[in-house]
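The lines below spell out each chain.
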Amino acid sequence: QVQLVESGGGLVQAGGSLRLSCAASRGTVSPYYMGWFRQAPGKEREFVAAVNWSGGSTYYRDSNKGRFTISRDRAKNTVHLQMDSLRAEDTAIYYCAAATFNPGIPSYAGGYDRWGHGTQVTISS
């Protein structure tokens, strides 16, 4: 069973940058997608970005395009989320997720069957 461990969260000022990382333990099945989701207090969990593990295609929430970059290192079983030009509304707990099978839509949280415990990202305005 694949286990996911996030790191890299913290407190930064608006306009700053953070780089999140998610290390996946070696499992018997490579994921179809690796993704990042986030949940702010009092809000639903929302899609941030995803990457197709084999082909490398990337997908982003519209509000994150141009500011966030997702990448994967297949040799290290790691996925990264580079976040630039951060805004106060980016404050949330960020979760790494893996979809073992093709969920159809990379932004569909229900299609991800492995989740990390989350890392807090706080942006001060």
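K.L.:
Sorry, what's going on with the side chain of His80 here?
P.N.:
Turning to its location among the elements, His80 is positioned in strand S8 (residues 78–83). Exposure remark for His80: the relative accessible area of 15% places this residue in the buried category. Only 3.5 Å separates the side chain of His80 from the side chain of Arg19, close enough to count as a polar contact. A distance of 2.8 Å separates a polar atom in the side chain of His80 from a polar atom in the side chain of Ser21.

K.L.:
Help me understand the pairing of strand S4 (residues 33–39), please; the structure alone is not making it clear to me.
P.N.:
Look at any regular strand and the pattern is simple: side chains alternate between the two faces of the sheet. Burial within S4 is extensive, with 6 of its 7 residues counted as buried. Examined bridge by bridge, S4 and strand S5 (residues 46–52) share 6 bridges and lie antiparallel to one another. Its bridge partner lying in S5, Gly35 is registered against Ala50. Remark: 6 residues form the turn of the hairpin made by S4 and S5, two consecutive strands paired antiparallel; Gly42 in that turn has positive phi of roughly 75°. Pairing analysis gives 7 bridges linking S4 to strand S9 (residues 92–99), with the strands arranged antiparallel. Within S9, the residue paired with Met34 across the bridge is Ala98.

K.L.:
Honestly, the sheet that holds S8 in this entry has me stumped. Any pointers?
P.N.:
Working definition: the strands of a sheet are paired by backbone hydrogen bonds and lie parallel or antiparallel to each other. Read across the sheet, 4 strands follow the order S1-S3-S8-S7 without closing on themselves; strand pairing throughout is antiparallel. With one partner strand each, in any of the chains shown, strand S1 (4–7) and strand S7 (68–73) form the two edges of the open sheet. Between one strand axis and the next, the sheet turns by 15° as a mean value, whatever way the strands run. As defined by bridge partners, S7 adjoins S8 across 6 bridges and the pair is classed as antiparallel. Residue Arg72 lies in a different strand from S8, and its bridge partner there is Val79.

K.L.:
It is not clear to me how the packing of aromatic side chains should be interpreted in this structure. Could you clarify?
P.N.:
For any pair of aromatic rings, geometry is given as the distance between the ring centres together with the angle between the planes. Counting across every chain of the model gives 6 aromatic pairs. Aromatic side chains Phe37 and Trp115 sit 5.1 Å apart centroid to centroid with 55° between the ring planes, which places their arrangement in the tilted category. Remark: Trp115 occurs in strand S10 (residues 114–115) and Phe37 occurs in strand S4; sequence separation between them is 78 residues. Since its relative accessible area comes to 29%, Trp115 is described here as partly exposed. One Lys or Arg, Arg45, reaches over the ring of Tyr95 and ends 4.0 Å from the middle of that ring. Here the guanidinium or amino end of Arg45 rests over the ring plane of Trp115, the centre of that ring lying 4.7 Å away.

K.L.:
Help me understand the environment of Gly8 in this model?
P.N.:
Relative to the helices and strands, Gly8 resides in the loop between S1 and strand S2 (10–13). Residue class for Gly8 comes out partly exposed when judged on its relative accessible area of 33%. Sequence separation between Gly8 and Ser54 is 46 residues, and the spatial gap between their C-alpha atoms is 24 Å. Not counting residues within four places of it along the chain, the set of residues in contact with Gly8 comprises Leu18, Arg19, Leu20 and Thr119.

What counts, and where the lines are drawn
Residues numbered from 1 in each chain as written. Predicted model: local features only at pLDDT ≥ 70, side-chain atom pairs only at ≥ 80, totals over all residues. Heavy atoms only, no water. Helix = DSSP H or I, 4+ residues; strand = E, 2+ residues; numbered from the N terminus. Buried < 20%, exposed > 50% of the residue type's maximum accessible area, 1.4 Å probe, protein only. Polar contact = N/O pair within 3.5 Å; in protein donor to acceptor, adjacent residues only side chain to side chain. Pairing = 2+ DSSP bridges. Axes fitted to C-alpha atoms, helices over the stretch in contact; angles between N-to-C directions. Phe/Tyr/Trp six-rings, centres within 6.5 Å; stacked < 30°, edge-to-face > 60°. Lys NZ or Arg CZ within 6 Å of the ring centre and 35° of its normal. Contact = heavy atoms within 4.5 Å.

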